[in-house]
Amino acid sequence: MKKKTFLFLFILKIFNNDIYFKIRSLLQLQYIYPKKNRFSSFLISIVKEKNNKESNLRKVAADRVLVRKYICSKTNNIVLPDLLWQGESMTREVYKKLPQKFYLKHRSSSGRTKLINKSKINIDSLNKWMRNSSAINYSWITREWYYTNTKEFIAEEIIGSVELNDYKFFCSYGKPFLLQVDIDRQYNHKRNIYKIK
């Protein structure tokens, strides 16, 4: 998260939820939430509605370890990238055993993901990045309650040779109604939204 964004969200913490979401919406989206038929208004409504029937499932979906278990409990017909490691700090011994390239991801947070190439980053730099990345409790600062305040990371194998697009299906009571596709997240981020009929 950029320093300006962090400072902005931190200052907004003094406001109650209604004022917070209206200011955040105005500054980030250029309109005051709620606005009918806006995808961004839908996203804010998810953050606001903490105590509904889907709350527990949202927490599971936001946790990269719990969601793997959930998916495996529902189907055998899906292949997930191998989970290579899980923890808060990596030892030299573990680092040595990992493949030359792998993905390092915060267990429960948006955006804290890094493609690791061992020829370009050493274990000390890696652990420093993990410490710095988990220093901020994003669920507190952004009010995105479904992210947990964990300092754990996971290492996953790489799938394919090019950066994959990030697909998110938005569901209501088990039925998908929107598809969000994020492209080139690391360098030139673009996002497409599709309505599912």
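Scroll up for the structure.
A brief structural summary.

1. What to know about the sheet that holds strand β3 (residues 113-117)
Here we have 4 strands laid out as an open sheet, ordered β1-β4-β2-β3, and antiparallel in their pairing. Edge positions in the open sheet fall to β1 (83-87) and β3, since each of these has one partner strand only. Between one strand and the next, the sheet's axes are offset by a mean angle of 20 degrees, whatever the strand orientation. Taken together, the 5 bridges between strand β2 (residues 101-106) and β3 define a ladder with antiparallel strand orientation. Bridged to Phe102 within β3 is Ile116. Across the sheet, helix α7 (residues 123-133) lies against β1, β2, β3 and β4 (153-156), angled at about 20 degrees from β2, the strand it touches most.

2. A short note on the environment of Ser134
With respect to the helices and strands, Ser134 occurs in the loop between α7 and α8 (138-142). When the C-alpha atoms of Ser134 and His106 are compared, they prove to be 7.8 Å apart, with 28 residues separating the residues in sequence.

3. Regarding the packing of aromatic side chains
Within this structure, the stated rule accounts for 3 aromatic pairs. Through a chain of ring-to-ring contacts, three or more aromatic side chains come together here, namely Trp145, Tyr146 and Tyr147. Just above the ring of Tyr103 sits the side chain of Lys105; from NZ or CZ to the centre is 5.7 Å. Above the plane of the ring of Tyr95 lies Lys118, whose end atom (NZ or CZ) is 5.1 Å from the centre.

4. Points about α7
Listing the buried residues of α7 in full gives Ile123, Leu126, Asn127, Met130 and Ser133. Looking straight down α7, one finds its buried side chains confined to an arc of 130 degrees; they lie on one side. Across α7 from its buried face, at more than 90 degrees, point the exposed residues Arg131 and Asn132. In this structure, the buried side of α7 is in contact with β1, α6 (92-97), β2, β3, α8 and β4.

5. What to know about empty space enclosed by the protein
Inspection of every chain in the model, using the stated rule, returns 1 cavity of 30 Å³ or more. Looking at the largest cavity, its volume works out to about 50 Å³. Around the largest cavity sit 13 residues that line it, and Arg112, Ile136, Asn137, Tyr138 and Thr148 are the ones nearest its centre. Here the residues of the lining of the largest cavity are counted per class, giving 3 nonpolar, 9 polar and 1 charged.

Cut-offs and rules
- Per-chain numbering applies: the sequence of each chain, read as written, is numbered from 1 onward.
- With pLDDT at 70 or above as the cut-off, local features in this predicted model cover only qualifying residues; side-chain atom pairs require 80 or more to be listed or tallied, and sums for whole chains, interfaces and linings still use all residues.
- The side-chain figures draw on all heavy atoms in the structure; neither hydrogens nor water molecules are used.
- By this definition, two strands are paired if DSSP reports at least two bridges between them.
- In this text, helices come from DSSP runs of H or I with a minimum length of four residues, and strands from runs of E with a minimum of two, each type numbered from the N-terminal end.
- Lines fitted to C-alpha atoms define the axes, with helix axes restricted to the stretch in contact, and inter-axis angles between N-to-C directions lie between 0 and 180 degrees.
- Contact between two residues is taken to exist if any of their heavy atoms lie within 4.5 Å; hydrogens are not considered.
- Pairing of aromatic rings covers Phe, Tyr and Trp, the last through its six-membered ring, and needs centres within 6.5 Å; plane angles under 30 degrees mean stacked, over 60 mean edge-to-face, and all others mean tilted.
- Throughout this description, the term charge over a ring refers to an Arg CZ or Lys NZ atom that lies within 6 Å of the ring centre and within 35 degrees of the ring normal.
- Partly exposed residues are those whose accessible area sits between 20% and 50% of the maximum for their type, while under 20% is buried and over 50% is exposed, using a 1.4 Å probe and protein chains only.
- Of all possible arcs, the one meant is that of the directions from the helix axis to the C-beta atoms.
- A cavity here means a set of 1 Å grid points, computed over protein atoms only, where a 1.4 Å probe fits but cannot escape. A pocket is an open set with protein on both sides within 12 Å along at least 5 of 7 lines, and lining residues have an atom within 4 Å of a point.
- Grid points are joined across faces, edges and corners, and a volume is the space filled by probe spheres set on the points.
- Each residue receives one of three labels: charged for Asp, Glu, Lys and Arg, nonpolar for Ala, Val, Leu, Ile, Met, Phe, Trp, Tyr, Cys and Pro, and polar for the others, Gly being one of them.

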